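Working through the structure, step by step
Given next are the chains, with one letter for each unit.
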Amino acid sequence: MSSISLSFELAGCVAVILLLTGMPIAYWLAYSNWRSKFLLESIVALPLVLPPTVLGFYASLAMGPRGLLGKLWIALFGHGLAFTFGGLVLASVVYSFPFAVQPLIASFEGIDRKLLDASAVLGAGRWRTFRRVILPLSLPGVVTALVLSFAHTLGEFGVVLMVGGNLAGVTRTVSIEIYDHVEALEYGEANQLALLLLAIAFGVLCLVYAVNRRVWTPAWLRWPGK
Amino acid sequence: MTFKRKIVHSSFTLLAISVFLFTESTSARAQEREIRVAVAADLKFAMEELAKEFESQTGTRVEVTSGSSGNFFAQIQSGAPFDLFFSADVEYPRKLEAAGLVGPGTLFEYAQGQIVIWTPADEPLDVSRRGWNALLDPRVQRIAIANPALAPYGRAAVAALQKAGIYEQVKTKLVYGENISQAAQFAQSGNAQAGIIALSLALAPGMKNGKAWEIPAGMYPPIEQAAVVLKNGKNKSTALAFMDFIKSASGRKILQKHGFAVPAEKQQSNDSTLRGSSRPRKTESKG
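So, here is what we can say about the structure in this document. (Residues numbered from 1 in each chain as written. Chains lettered and ligands numbered in written order. Predicted model: local features only at pLDDT ≥ 70, side-chain atom pairs only at ≥ 80, totals over all residues.)

1. A short note on the interface of chain B and chain A
The interface of chain B with chain A comprises 16 residues on the first partner and 18 residues on the second. Only α3 (69-77) and β7 (174-177) of chain B provide two or more residues apiece to the side of chain B that touches chain A. Of the residues forming the side of chain B that touches chain A, the biggest block, three residues, is contributed by α3(B). In the side of chain B that touches chain A, the residues fall into six nonpolar, eight polar and two charged. (Contact = placed C-beta atoms within 7 Å. Helix = DSSP H or I, 4+ residues; strand = E, 2+ residues; numbered from the N terminus. Nonpolar A, V, L, I, M, F, W, Y, C, P; charged D, E, K, R; others polar.)

Below is the structure:
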């Protein structure tokens, strides 16, 4: 069962990191008028189209003792980044990046510009506008970003297989354990875990679509003063 | 407008039909001259040479797919269209035989795998001199082996570590590759400072320049590897011919060259020299 809690821990870390780093990037991508921002948009979307093997391959090279990242990590902590929980978090952040950033961009762009102008006219700074106008209005997008990056990391397999090293309690996530069970022909155990993941994935997607269709809004999503 | 569209439409249909016909006829022709072989990851490089040799002898193309034996076992049970299966153990072929998926009497133990401790060339450890002690060096933080739950090579590595009496000391350093190739890749990339891998992989092009120490054959249970001709294959006579080639002197020589111990053939009396496991083999250190 520890592989499940490990997967949840990994997905939780990644989702929080992605929300914090994704928001400024999404803000900039949504509101910037820079002509060449399509370049950054393309980079953000790359993990959507690249096979995990490409990312896993470069990650294993970068994290190794001959890679830049690996060298830096060894200098700082005395050990390599591969086969560690930190290494998985880093690889997953890259891998799930578009799943956090794209819903945020979509919801930021969907806000009526007049409201932002009004907020500015009333004397609110950018930060205040973001906090009081943009964020409350794009809450469904924030939930979507959080939930999708969580779920996508939970379902990650290829990259973990390539840089994880299958360490119990450190890098053996649920998806890896399922694969191990299938290869060892323990279909019963594989089925249990697979069904659990299936149920979680379905539940999570229901949550996202329900919130976005406003079928149901959880209490904590009702912004005070609205 | 509609006329033009009709022409475009019909020419597309024609194109599709001709492509279909062309590929159908060529694939039907190719099938007679082609066999598909699933091989365990440790056999990849040896099989490439075996395939090439067989191709030049007979003109039959050999399509090689390499991966973990367990994965192939599952795929073959679900009807994967391979003509032959070269496993890294004998259990999977035996189970396939028991399930009636194998040509009767075709199971053949083609080789025994051997394992080495391998370190990258830029790793300061002198594994070829220090042997087991190299693994106890504090600079070795990670040791890559194949997953012992899935791979015969992983089980052999664990058995050898236990026999050497250092398993408990290095247990926390072990990282598992999904198959023996991945364990080798972990060590080759330097992410693991050492690996216990198949000799056949230590002799592979990308790994030759590393340092290797051959683990004495008595320290782990023999890694017996068997092959079978599959019933689901399309080309049984050629598959049998390929199996005969593996048993032949030239086939055995190639296997041996790639780090496998091959079984002595009963008919031949002067074959004791072919048994690689009885004599220590010198592995190239640092090139």
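Additional details are given in the paragraphs that follow.
2. A short note on the sheet that holds β7(B)
All names here are of chain B. The mixed open sheet is built from five strands, whose spatial order is β7-β6-β8-β5-β9. Of all strands in the sheet, those bounded by a partner on one side alone are β7 and β9 (211-214). The sheet shows a mean angle of 30 degrees between the axes of neighbouring strands, taken without regard to direction. Taken together, the four bridges between strand β6 (residues 143-146) and β7 define a ladder with parallel strand orientation. From the neighbouring strand, isoleucine 143 faces β7, where its bridge partner is leucine 174. Contacting β5 (115-119), β6, β7 and β8 (194-198), helix α7 (residues 152-164) runs over the sheet at an angle of about 130 degrees to β6. Lying over the sheet, helix α9 (residues 180-188) contacts β5, β6, β7 and β8, oriented at roughly 150 degrees with respect to β8. (Pairing = 2+ DSSP bridges. Axes fitted to C-alpha atoms, helices over the stretch in contact; angles between N-to-C directions.)

3. Re the sheet that holds strand β10 (residues 223-229) of chain B
Residues and elements named next belong to chain B. Pairing is mixed across the open sheet formed by five strands, whose spatial order is β2-β1-β3-β10-β4. Sheet topology places β2 (61-67) and β4 (108-113) at the edges, where each strand pairs with a single neighbour. Looking at each pair of strands side by side, their axes are set apart by 20 degrees on average, direction ignored. Sheet topology note: the β4/β10 ladder contains five bridges and is antiparallel.

4. Overview of the nonpolar core
Most often, soluble globular proteins have nonpolar side chains that are buried together. Residues and elements named next belong to chain B. Core analysis: the biggest nonpolar cluster contains 129 residues, and Leu84, Phe86, Ile115, Ile117 and Ile197 have the highest contact counts within it. Counting contributing residues, this core receives three or more from each of domain 1 (34-112 + 223-266) and domain 2 (114-221). Look past the residues within four positions of isoleucine 117 in its chain and what remains in contact with it is Val127, Ala134, Leu135, Ala194, Ile196, Ala212, Trp213 and Ile215. (Core = buried A, V, L, I, M, F, W, Y, C linked by C-beta atoms within 7 Å. Buried ≥ 20, exposed ≤ 12 C-beta atoms within 10 Å, placed from the backbone. Domains from an automatic or database assignment.)

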